[in-house]
Amino acid sequence: MTWAALLFTTLGLVFTAEASIAADRATVIWHPAKPRVGDVVWVLVKDVTDTGTVEGSVDGKPLTFFPYAGGHAALFGVDLDTKPGNHVWRVGVVEPGREPRSAEGTVRIVRRDFQVERLTVPSTMVDLDPETERRALAEGKQLATLYRTITPERIWRGKFTTPVGTMKTGTGFGARRIINGQPRSPHSGSDYSVPKGTPVIAVNAGQVALVAEFFFPGRLVVLDHGLGLHTAYFHLDTIAVVEGERVERGQTLGTVGATGRATGPHLHFGAQVAGARVDPTTLLGLTLID
Ligand SMILES: [Zn+2]
């Protein structure tokens, strides 16, 4: 090989390497750019056709993508116990007739201060006998398993609506609770203080994944909106849907009550993304609309 040929080959390799680095990079945008603890966030990978496949993760936990706005989007839930600071994400894109692309980086999770709530409830609702304790534990596990279920079909569409049909906002998400003087697990939902009998409605289209009467949540409905998103409605007085039923946004699920561990009539409304407990208020304010 002549020196000229060697030089040409070397340059060729350099150019190839640079070109492939530039072409391989996927463009990823976070909404919001600096999420807070408890937020529902959405991630957009730009410029991917519907036939493309996008995979990704945050802290090694998988994201579930769907075609959106000329790219692919996924919801990410910042669980209320997430440590503020930088968290590592990765994305990979495979499309027919195109070089695979990838990207990785960090997203900065901003801290959020939650209130401390002191509650007094009947001691029978806190100091459980062994049998009730086992029951409550089993019910908690059943809910946790359900929330981690990823149904591959996206059922929700468009904007989310409030669960009690008023402009009233829920309160108390993330509150560190002290019940009868004892610190308990943080409040993973948002409470709507409305009169008994107020209709409770589906915040978006979904499938009824669970209808039950559990010790702490009382009469409850859980909706599966697909791709790992679930919403939960607790302490209901009556229930108007059955398991497996498809519901539309705004459809009545039941009425507000005070069943289970409740200090009075209210709706406890919860939302989870792939098992991450998120502030339902941020779900209602989601800017991803189609
Ligand atoms: Zn609650």
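A brief look at the structure comes next. None of these values were measured; they are calculated from a predicted model. (Residues numbered from 1 in each chain as written. Predicted model: local features only at pLDDT ≥ 70, side-chain atom pairs only at ≥ 80, totals over all residues. Heavy atoms only, no water.)

Right, let's talk about the coordination of the zinc ion for a bit. Each donor-metal-donor angle would ideally measure 109.5 degrees in four-coordinate tetrahedral geometry, or 90 or 180 degrees in six-coordinate octahedral geometry. Bound to the zinc ion on the protein side are His-187 (NE2), Asp-191 (OD) and His-268 (ND1), at distances that span 2.0 to 2.1 Å. Each donor residue of the zinc ion belongs to the same chain, and together they define the spacing H-x3-D-x76-H. With His-187 in the loop between strand S11 (182-183) and strand S12 (189-192) and His-268 in strand S19 (residues 267-273), the pair connects residues that are 81 residues apart, well separated along the chain. By relative accessible area, His-268 is classed as buried at 8%. (Donors = N, O, S within 2.8 Å, 3.2 Å for Na, K, Ca; no water. Helix = DSSP H or I, 4+ residues; strand = E, 2+ residues; numbered from the N terminus. Buried < 20%, exposed > 50% of the residue type's maximum accessible area, 1.4 Å probe, protein only.)

Bringing the sheet that holds S11 into the picture now. Across the sheet, which stays open at both edges, the 3 strands sit in the order S9-S10-S11 with mixed pairing between neighbours. Because the sheet does not close on itself, it has two edges, and the strands there are strand S9 (116-119) and S11. In the sheet, strand S10 (residues 176-179) pairs with S11 via 2 bridges, with the strands oriented antiparallel. Its bridge partner being in S11, Ile-179 is matched across the sheet by Gln-182. (Pairing = 2+ DSSP bridges.)

As a further point, take the nonpolar core. One finds Tyr-233 and Leu-267 to be the most contacted residues of the largest nonpolar core, which totals 35 residues. Looking at this core, the elements that each hand over two or more residues are strand S2 (40-45), strand S5 (66-68), strand S6 (71-77), strand S15 (218-226), strand S16 (229-239), strand S18 (252-256), S19 and helix H3 (280-284). Top contributing element to this core by residue count: S19, with 4 residues. Residues in contact with Leu-267, not counting those within four places in the same chain, are Pro-163, Val-164, Ser-190, Asp-191, Tyr-192, Val-200, Tyr-233, Phe-234, Leu-236 and Val-256. (Core = buried A, V, L, I, M, F, W, Y, C linked by side-chain atoms within 4.5 Å. Contact = heavy atoms within 4.5 Å.)

Let's shift gears to the side chain of Gln-272. Its place among the elements puts Gln-272 in strand S19. The contacts of Gln-272, once residues within four sequence positions are left out, are Tyr-147, Gly-228, Leu-229, His-230, Arg-277 and Val-278.

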